[in-house]
Amino acid sequence: MPVLDAIEFGKDRKYRLAQTEGALDAPTAQPIAEPPFKRKWSHVNPPKATIDFETRSACSIKDCGSWRYSLDPTTEVMCLAFRLPSWEHGRTALWHPAFPDFGIEEADCPELAELFDWIAGGHLVEAHNAWFERGIWTNIMAPQYGWPLIGHTQWRCSAAKAAAYSLPRSLDGCTQALKLLVKKDTEGAKVMKKMAKPRKPRKLEVKQWIIEHLGWDISRRGAHKDIVKTLDFSVATVEDGSVVEASWTEDGQVEQRSFKLGLFWHCDVEMLERLWAYCRVDVLAEEAVSDRLRDLSQKETHMYLMDQHINEHGFQLDREGIEAALDIVNSIYADLNQELVTLTGGRVEKATQRARMIEWFNDMGLPLTDTQGGTIDEWLKRQDLNATVRRGLELVRSLGRSSTAKFIAAQNWAAPATWRVHGGLLYHGAGTGRWSGSGVQPHNFPRGNIKDMELAWEVIKTRDVKLIEMLYGDVMEFLSYSLRGMIVPSEGRRLMVADYAAIEARVVLWLAGDEDALGVFRRGECIYMAMATDIYGRPITDKVKQADERQMGKQAVLGLGYQMGAKKFRATLAEKWGIFISEEFAEAIVQKYREKFWRVKKMWWDQEAAAMAAVRAPGRTVTCGKVQWRCFDGFLHCKLPSGRLLGYCEPLLVKKKTPWGDERDCLTYMGVDPYTKKWRRQDTYGGMLVENITQATARDLMADAMLRCHEQGTYDVILSVHDELIAECDEDAGSVEDFEMMMAHAEPWADGCPVAAEGWTGKRYKK
């Protein structure tokens with residue numbers, strides 16, 4: 001993170017950016033050349049133009065993603081508001097196309113030339129959720145309006161920057177969280193949302209459209225005017241407009257024809273003016289957010305630009321296979337829903353009627369509270385269910401699997417000409433900096449048990465349900481487990497995939513400085529069996545014959561590093577893994593972990609004490625092991641070993657009672673609640689801080705590996721899924737061993753961390 005150096009210019013004191021990567025220290029002095037309405041912060045960001053588009057389309061951006069949206073032929077730009085950094089405070093410019101229906105010509109916007117000059121000069125252009133603006137500019141404004149392309153390295157995103165501070169990604173949420181004076185225009189947002197989608201045409205409009213389409217002149221008396229009186233029609237809404245069946249009587253004969261209408265919008269002069277004003281306010285709010293937050297470091301900027309390159313390149317889908325899978329799903333759904341109607345005596349028509357389904361199960365004597373997959377699976381393990389209830393559970397489970405939604409999402413997100421998905425990765429999707437998914441969401445594909453994925457998809461393409469049942473059993477479960485296989489390499493290439501081995505276990509022990517435990521990894525031994533040996537008090541050395549004991553050791557190593565107690569550990573084993581143990585055994589395992597890895601336990605208390613000390617003394621840097629803590633600019637910052645900063649907004653120490661009755665300081669901060677998604681004050685503690693630091697450090701190892709691949713050129717990264725990296729390379733280039741080494745290489749900041757990766761190569765993604 002850059003710091004600010006003071007430079008004397010006569011009587012005025014100004015500041016410039018020093019090229020110090022990852023520095024945590026920030027000056028206490030403030031720059032004086034900012035408008036008086038702005039709050040004073042210890043950073044000055046490089047100047048950027050701020051832009052914001054408003055559009056309308058029959059394509060759903062939620063269902064199809066913004067890149068596919070920008071490619072849709074029905075997508076139209078309604079305006080662009082923008083601001084250049086040299087302009088006086090509050091000034092914005094607005095361009096809009098012509099709206100001939102309202103006598104509005106294309107905007108005379110001389111400032112557009114200034115924006116184009118800014119772009120031609122190689123300067124920065126920023127938007128909030130810039131992936132959307134990037135798609136609109138690249139796929140609409142450049143080819144249709146002749147606007148100059150914005151260079152890849154010129155793009156910046158204020159939403160990405162906000163996410164890096166663990167702030168809400170939405171503009172409205174971010175301005176509120178930061179308590180900015182400029183806020184998103186919520187009333188204007190309602191107008192924007194109304195204008196953005198087509199509306200159903202009114203009957204008179206349809207009649208008028210048909211008359212004009214047929215070329216009838218009804219201004220004079222005559223046959224056409226009489227025919228209009230008999231004109232009747234029905235409207236069936238389809239994805240990209242309306243199909244109208246129209247009939248009329250002419251010369252005593254009934255005529256009937258089908259017409260495909262154009263699109264009808266909520267739009268008038270007043271609404272357009274309201275929309276344009278809203279867009280201008282958004283630009284000011286976006287600039288305010290960006291000014292308030294320190295820019296991403298130089299290294300993180302490279303990560304963001306790499307992310308944008310990966311998203312623009314996209315990943316390939318198997319169109320033939322997906323269409324076959326959807327055909328199978330549609331045929332099975334009809335049959336299964338009909339069986340459900342019969343089974344429930346008509347009380348439930350389809351499995352999506354969840355309230356009716358739960359009521360039916362309750363009436364059948366099964367106290368079902370929800371129809372989530374995990375709940376259904378638990379009940380299906382019971383041996384005392386009657387046949388009707390069991391079949392009902394099986395039907396709900398089959399009809400509720402994610403395969404249908406995933407295949408439809410894949411079809412919607414794929415670019416029509418190429419069937420590549422663009423925008424499937426989300427930079428800094430998690431608070432720790434890890435990437436998350438958008439749209440197709442490979443991050444939550446079911447793991448499954450399919451060994452030969454290529455064979456599975458050859459079977460899918462037969463569309464033979466009976467064959468699938470014979471080979472794999474439950475068809476819907478099989479399709480759900482096959483989801484990964486719809487991702488394939490580009491023509492003439494192959495996938496290269498590698499997964500970090502026990503990365504969090506390695507990182508947390510490295511952070512704690514536990515050289516004894518790290519020696520287990522360095523010697524190529526199994527940390528899970530080492531833990532199991534301590535748990536059971538006897539040697540656990542055989543991965544196959546002692547699989548259950550090893551599994552218990554694995555869950556202890558992976559689950560207890562973040563201060564989890566015995567009660568939660570026991571519940572997690574039961575809920576996630578179907579492993580049931582006594583309270584006494586859970587207590588013993590927790591105790592064994594904390595004895596064996598006492599340095600990790602010590603780190604929980606040390607990191608909590610260091611973070612609280614930094615809050616008590618803003619501006620003071622507190623070092624704790626491999627990280628540092630410091631409060632400035634309204635955030636508690638944790639400087640990771642990589643130099644990246646984690647941010648905790650508005651840190652505050654609050655007195656709270658402990659379970660044993662004492663009162664002690666508790667560290668709190670403002671953040672997005674993981675369950676309610678609301679911005680609220682949250683508690684944290686040593687184990688959670690260590691979890692954040694560990695996962696963020698593991699993310700930085702992954703980010704470094706992605707950047708190495710990106711810059712080296714043999715392997716084109718297409719996805720990052722948890723601790724797994726997916727790339728594609730030419731068939732005659734690269735090797736699994738080389739790819740594993742690319743991932744496992746540790747940069748100097750991670751010296752001593754025993755990173756390892758396990759990979760494979762093939763023609764279809766799998767687990």
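Here the structure is a predicted model, which is why all the values come from computation and not from measurement.

**Topic: the overall build of the protein chain**
Thought 1: Across its full length, the protein chain holds 28 helices and 27 strands.
Thought 2: For the protein chain, the C-alpha radius of gyration of 30 Å lies close to 27 Å, the compact-globule estimate for 767 residues.
Thought 3: Here the protein chain holds 767 residues, and the buried ones make up 52% of them.
Thought 4: Accessible area for the protein chain stands at about 35,800 Å²; split by element, carbon and sulfur atoms hold 51% of it.
Thought 5: Distance between charge centres in the protein chain, computed from 100 positive and 109 negative side chains, equals 5 Å.

**Quick look at the sheet that holds strand β6 (residues 124-127)**
Thought 1: Pairing is mixed across the open sheet formed by 5 strands, whose spatial order is β5-β4-β3-β6-β7. Unpaired on one side and paired on the other, β5 (93-95) and β7 (155-157) mark the two borders of the sheet. Averaged over all pairs of adjacent strands, the angle between their axes in this sheet comes to 30°, without regard to strand direction.
Thought 2: Bridge analysis of strand β3 (residues 48-56) against strand β4 (residues 76-83) gives 7 bridges, and the strand direction is antiparallel. Pairing of R56 across the sheet is with E76, part of β4.

**Looking at the environment of K350**
Thought 1: Its place among the elements puts K350 in the loop between α12 (319-343) and α13 (354-363).
Thought 2: A relative accessible area of 43% means that K350 is categorised as partly exposed.
Thought 3: Taking the C-alpha atoms as reference points, K350 and L558, separated by 208 residues in sequence, lie 40 Å from one another.
Thought 4: Not counting chain neighbours up to four residues away, the residues in contact with K350 comprise N337 and L340.

**Things to note about the confidence of the model for the protein chain**
Thought 1: Predicted confidence across the protein chain gives a mean pLDDT of 88, with 91% of residues reaching 70 or more.
Thought 2: Residue range residues 1-39 is modelled with pLDDT below 50. Its contacts to residues more than four positions away, or to other chains, number 80 contacts.

**Notes on the nonpolar core**
Thought 1: Counting 182 residues, the largest nonpolar core has M486 and W629 as its most contacted members.
Thought 2: Once you skip the residues sitting within four places of it in the chain, M486 turns out to touch Q316, L317, D318, I322, K406, F407, A410, V440, F445, W457 and R764.
Thought 3: In this structure, I104, A189, M192 and L275 belong to the second largest nonpolar core, which totals 18 residues.

**Digging into helix α7 (residues 186-196)**
Thought 1: Three or more residues of α7 are buried, namely G188, A189, M192, M195 and A196. Along the axis of α7, the buried positions cluster into a sector of 130°, meaning they face one direction only. Seen from the open side of α7, the exposed residues pointing more than 90 degrees away from its buried face are K190 and K193.
Thought 2: Residues of α7 that are buried make contact with β3, β4, β8 (198-199), β12 (264-265) and α10 (269-292).
Thought 3: For α7, the N-terminal cap is D185; the gap from its side-chain oxygen to the backbone nitrogen of E187 is 3.3 Å.

**Some thoughts on the pairing of β3**
Thought 1: Within β3, 9 of the 9 residues are buried, which leaves it mostly tucked inside the rest of the structure.
Thought 2: In this structure, β3 lies alongside β6, joined through 3 bridges in parallel fashion. Within β6, the position partnered with K48 by the bridge is L124.

**Looking at the packing of aromatic side chains**
Thought 1: Inspection of the entire model under this criterion finds 24 aromatic pairs.
Thought 2: Summarising the aromatic geometry, the rings of Y69 and F132 are spaced 6.0 Å apart at their centres and angled 45° between planes, so their arrangement reads as tilted. With Y69 in helix α2 (residues 66-71) and F132 in helix α4 (residues 130-145), the pair connects residues that are 63 residues apart, well separated along the chain. Side by side, Y69 and F132 carry an identical accessibility label, which is buried.
Thought 3: Pairing Y593 with F597 gives two aromatic rings, centres 4.8 Å apart and planes at 55°, and the pair type is tilted.

**Here we look at the pairing of strand β23 (residues 663-672)**
Thought 1: Taking burial as the measure, the 10 residues of β23 include 7 buried ones, the bulk of the element.
Thought 2: Joining the antiparallel neighbours strand β22 (residues 645-657) and β23 is a turn of 5 residues, in which G661 adopts a positive phi near 100°.
Thought 3: Taken together, the 6 bridges between β23 and strand β24 (residues 679-684) define a ladder with antiparallel strand orientation. Bridged to M670 within β24 is R681.
Thought 4: Between β23 and β24, which pair antiparallel one after the other, the connecting turn spans 6 residues, and K677 there sits at a positive phi close to 65°.

**Here we look at the packing of helix α20 (residues 503-512) against helix α26 (residues 598-616)**
Thought 1: Axis separation between α20 and α26 bottoms out at 9 Å; the angle between their running directions is 70°. Here α26 runs roughly perpendicular to α20, going by the angle between their axes. Facing V508, L509, L511 and A512 of α20, the residues of α26 in contact are R599, V600 and M603.
Thought 2: Of the residues belonging to the contact of α20 with α26, the class tally is 6 nonpolar, no polar and 1 charged.

**Quick notes on the pattern of salt bridges**
Thought 1: Inspection of every chain in the model, using the stated rule, returns 54 salt bridges.
Thought 2: Among the ionic pairs, R599 bridges to D514, the shortest N-O distance being 3.4 Å. With R599 in helix α26 and D514 in the loop between α20 and α21 (515-522), the pair connects residues that are 85 residues apart, well separated along the chain.
Thought 3: Classification of R599 as partly exposed rests on a relative accessible area of 24%.
Thought 4: The closest approach of N and O atoms between E515 and R522, which form a salt bridge, is 2.8 Å.
Thought 5: The exposure class of R522 is partly exposed, given its relative accessible area of 43%.
Thought 6: Here the salt bridges do not stand alone but share partners, grouping D318, E320, E454, K461 and R764 into one network.

**Here we look at the packing of helix α14 (residues 373-380) against helix α15 (residues 387-399)**
Thought 1: Packing of α14 against α15 brings their axes to within 10 Å, and their N-to-C directions diverge by 150°. Classified by the interaxial angle, the pair formed by α14 and α15 is roughly antiparallel. Here α14 and α15 pass one another in a crossing that is left-handed. Residues G373, I376, D377, W379 and L380 of α14 pack against R390, L393, E394, V396 and R397 of α15.
Thought 2: Looking at the contact of α14 with α15, its residues break down into 5 nonpolar, 1 polar and 4 charged.

Calculation criteria
- Residues numbered from 1 in each chain as written.
- Predicted model: local features only at pLDDT ≥ 70, side-chain atom pairs only at ≥ 80, totals over all residues.
- Heavy atoms only, no water.
- Helix = DSSP H or I, 4+ residues; strand = E, 2+ residues; numbered from the N terminus.
- Rg over C-alpha atoms; globule rule 2.2 N^0.38 Å.
- Buried < 20%, exposed > 50% of the residue type's maximum accessible area, 1.4 Å probe, protein only.
- Areas by Shrake-Rupley, 256 points an atom, 1.4 Å probe, with all protein chains shown as cover.
- Lys, Arg positive; Asp, Glu negative; His and termini not counted.
- Charge placed at Lys NZ, Arg CZ, Asp CG, Glu CD.
- Pairing = 2+ DSSP bridges.
- Axes fitted to C-alpha atoms, helices over the stretch in contact; angles between N-to-C directions.
- Contact = heavy atoms within 4.5 Å.
- pLDDT = per-residue confidence, 0-100.
- Core = buried A, V, L, I, M, F, W, Y, C linked by side-chain atoms within 4.5 Å.
- Arc of directions from axis to C-beta.
- Polar contact = N/O pair within 3.5 Å; in protein donor to acceptor, adjacent residues only side chain to side chain.
- Phe/Tyr/Trp six-rings, centres within 6.5 Å; stacked < 30°, edge-to-face > 60°.
- Parallel < 35°, antiparallel > 145°, perpendicular 65-115°, else oblique.
- Nonpolar A, V, L, I, M, F, W, Y, C, P; charged D, E, K, R; others polar.
- Salt bridge = Lys/Arg side-chain N within 4 Å of Asp/Glu carboxyl O.
- Left-handed = near helix turned anticlockwise from the far one by under 90°.

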